[in-house]
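An overview of the molecular structure
For reference, the chains in residue letters:
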Number of protein chains: 2
Amino acid sequence: MSENNSIGIVAPQTAHFSEPLTLKSGAVLAQFNLVYETYGTLNADKSNAVLICHALSGTHHVAGKYTEQDKYPGWWDNLVGPGKPLDTNKFFVIGVNNLGGCHGSSGPVSINPATGKPWGSAFPIVTVEDWVNSQARLLDQLSITQLAAVIGGSLGGMQALQWTIAYPDRVRHALVIASAPNLTAQNIAFNEVARQAIITDPEFHGGDYYEHGVVPRRGLRIARMLGHITYLSDDAMGEKFGRKLKDDIKYGFNVEFEMESYLRYQGDKFAGEFDANTYLRMTRALDYYDPALAYNGDLSKALSQTQAKFLVLSFTSDWRFSPARSREIVKALLDNESTVSYAEVTAAHGHDAFLMPDKHYHAILRTYLSNIEVGGNHAK
Amino acid sequence: MSENNSIGIVAPQTAHFSEPLTLKSGAVLAQFNLVYETYGTLNADKSNAVLICHALSGTHHVAGKYTEQDKYPGWWDNLVGPGKPLDTNKFFVIGVNNLGGCHGSSGPVSINPATGKPWGSAFPIVTVEDWVNSQARLLDQLSITQLAAVIGGSLGGMQALQWTIAYPDRVRHALVIASAPNLTAQNIAFNEVARQAIITDPEFHGGDYYEHGVVPRRGLRIARMLGHITYLSDDAMGEKFGRKLKDDIKYGFNVEFEMESYLRYQGDKFAGEFDANTYLRMTRALDYYDPALAYNGDLSKALSQTQAKFLVLSFTSDWRFSPARSREIVKALLDNESTVSYAEVTAAHGHDAFLMPDKHYHAILRTYLSNIEVGGNHAK
């Protein structure tokens, strides 16, 4: 890859919203904060904004570093930067932490202004629809009427799709990657096991663990270990770990296989960083999203008012959100005679492939994004 | 199905073994018990014995009921009985609870004769090899020199395979169903998440929970919920549950989807019945089994001394032990010019298909088993 130019040092910003936001559940957030980052420069006619929507454990910190000393850059740094496929010399890129998150936006871990204590269990259930509505508020505050593009992978792809439904005239292009129009029963099942691991952890305390000075670390660790199995393909796991042993067989329940070591490491790391209440809400948002539900399961009808052009992308080895699920979106769009490009990328890494700098994958994104017109002339 | 004739009322028996058994780990069981059941009649020359090996959560109670009032018969009652595919009018069928189990054979929950207390964490790790050795002792006690057949699904199939390796002259036929010559990294990963859920349950107490008057119910529940996802195919789950809601959406973490309700029910039920230490040991036995390991990964070499004839069976929708894994066994046997029949049964139910009375599946078993000669004339 030639595009190793990072955006460099970045800093998050916080937007405060004092108008109440009514959520899909009926609950109302009287006020809320969204933390976000931007990369590149908004052009004169504000036609070059690209919104990046994050997935389950993502954040607003998409690219660059906060200090030179940071070990890792933002989570999609391989995609976003000067000269990269999502080129910050051309686009003004926005990363935002979703409502209910644990990285600065209002969520269970943030202070409930009404009580002066962390929201905890009282923080409402947020949905993909709510996220998109709150993101639209952020664009309003940034005086951006229309996005050149919205892009997201997995749960982020659901948000990109929802943008085209909820705000058809505010999105010119939607890039929906490794996503699905709703979860399958198996997807829901994995989420439910993860949630039950957290909720039944004695240190969960009904979601109000903050005031007990503990976190449901064991449950969150199990949830993340399980998640990791579904992010990787069977083949990728076989390739990377196979049946490799750490050492001589010990006949016990400590780590014997490399695979176990990897999972425990991932679980421990995540459980020390992420908020369990946020994890619960992110998985629930995934479960609930189903734009076709209001149309008797007819996805074409749900997408009939969209005006965006679409790039839908899937990965051959992704069994969490398989190519067949992306093709459902494509079919529904074609039924409506919408403009849609579809690519099924041959990749070994499973669902995680959307985060990786696969050459073919990035070439598709680069080409698609380079064809988006910005600056005065952005006829659709 | 016409074969609804149950074997009727059955009763378990217990065999005691006072000769020490050295396990693969090097640990020695000074004495042990195996609980078992038999159906049908051993013929004069003892040539009609069929051993059924159970899988992760199976038992010796394969067929029939203990009382007329029993709600359910044994776990493979649809296969075993008079006139059924494994016909008890012809065969003398033996079901045995494996060492380390929790249904009467020596295991963590049974009393350690050396201490007068439950074995708990002190019960050694048992392997597929150990199980087969202990089963051979049971045959010795029953004066059965040679099995007409050994049959098992999943982990039971591994035992059937191991019988042909460890006791080549004691098995005429091996029926290896929905099994694999070893676990993949993904299989190990699922087992590891299940184990970690149990081991990190605060009520696990290092495996010695019996003396604390508790059980690691939460962990075992999570383990079982996860297991159930892997037993069913994505399609079967979609067919059975899809995105069906229990009721109106409540926006919370209680059951919303039918899928969740099913998983919680299965988890709760199992956690109230099964022993967590046994679950740990069963999954570890799965992880460790790898007969090719001693032959540099060459399965053909590992199987080169077998004398049995084989029926290998897989199910198209089984993603836990996929048909490709069965074909590895078939290929290794063919490399050795062993006699092997292979069938890949089109079935929607995933791994669980091996327990179900699928017409095509049972027809194959019926035909194969009916061709096994017993009684004086059982030339191979």
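So, how was this worked out
- Residues numbered from 1 in each chain as written.
- Chains lettered and ligands numbered in written order.
- Predicted model: local features only at pLDDT ≥ 70, side-chain atom pairs only at ≥ 80, totals over all residues.
- Heavy atoms only, no water.
- Least-squares fit on C-alpha atoms with pLDDT ≥ 70 in both.
- Contact = heavy atoms within 4.5 Å.
- Salt bridge = Lys/Arg side-chain N within 4 Å of Asp/Glu carboxyl O.
- Buried < 20%, exposed > 50% of the residue type's maximum accessible area, 1.4 Å probe, protein only.
- Helix = DSSP H or I, 4+ residues; strand = E, 2+ residues; numbered from the N terminus.
- UniProt positions renumbered as here; feature names shortened; annotations may be inferred.
- Axes fitted to C-alpha atoms, helices over the stretch in contact; angles between N-to-C directions.
- Parallel < 35°, antiparallel > 145°, perpendicular 65-115°, else oblique.

1. Quick notes on the relation of the copies chain A and chain B
Two copies of the chain are present, and they differ by a rotation about an axis and a shift along that axis. Between chain A and chain B, the superposition needs a rotation of 180° and an axial shift of 0.0 Å, giving an RMSD of 0.0 Å. Between the two chains, the operation in question is that of a two-fold axis. Looking at the interface residues of chain A, 100% of them are also at the interface in chain B, so both copies use one shared face.

2. Structural notes on the pattern of salt bridges
Summed over the entire model, instances satisfying the criterion amount to 36 salt bridges over all chains. Note that K84(A) is salt-bridged to D77(A), the shortest N-O span being 3.1 Å. Judged by relative accessible area, which is 3%, K84(A) ranks as buried. Overall, D77(A) belongs to the buried group, its relative accessible area being 10%. In this structure, R325(B) engages E328(B) in a salt bridge whose closest nitrogen and oxygen atoms are separated by 2.7 Å. Linking R325(B) with E328(B), this pair stays in helix α9 (residues 323–335), spanning 3 residues, or about one helical turn.

3. Quick notes on the UniProt feature "active site" (unreviewed entry) in chain A
Residue and element names in this part refer to chain A. When the UniProt feature table is mapped onto this chain, "active site" (unreviewed entry) is found at S154, D318 and H351. For the annotated residues, spread through 198 residues, the largest C-alpha to C-alpha distance comes to 10.6 Å, consistent with a single compact locus. Mapped onto the fold, S154 is located in the loop between β11 (149–153) and α2 (155–166). Setting aside residues no more than four positions away along its own chain, S154 makes contact with A55, I177, A178, S179, F321, H351 and F354. Those residues in contact with H351, other than ones at most four positions away along the chain, are S154, A178, T230, Y231, D318, R320 and F321.

4. Overview of the packing of helix α3 (residues 185–199) of chain A against helix α4 (residues 217–231) of chain B
Between α3(A) and α4(B), the least distance of the axes is 10 Å, while the angle of their chain directions is 170°. By the angle class used here, α3(A) and α4(B) are roughly antiparallel. Contact with α3(A), carried on its side by Q186(A), A189(A), F190(A), E192(A), V193(A), Q196(A) and A197(A), involves R221(B), I222(B), M225(B), L226(B) and I229(B) of α4(B) and no other residues of that element.

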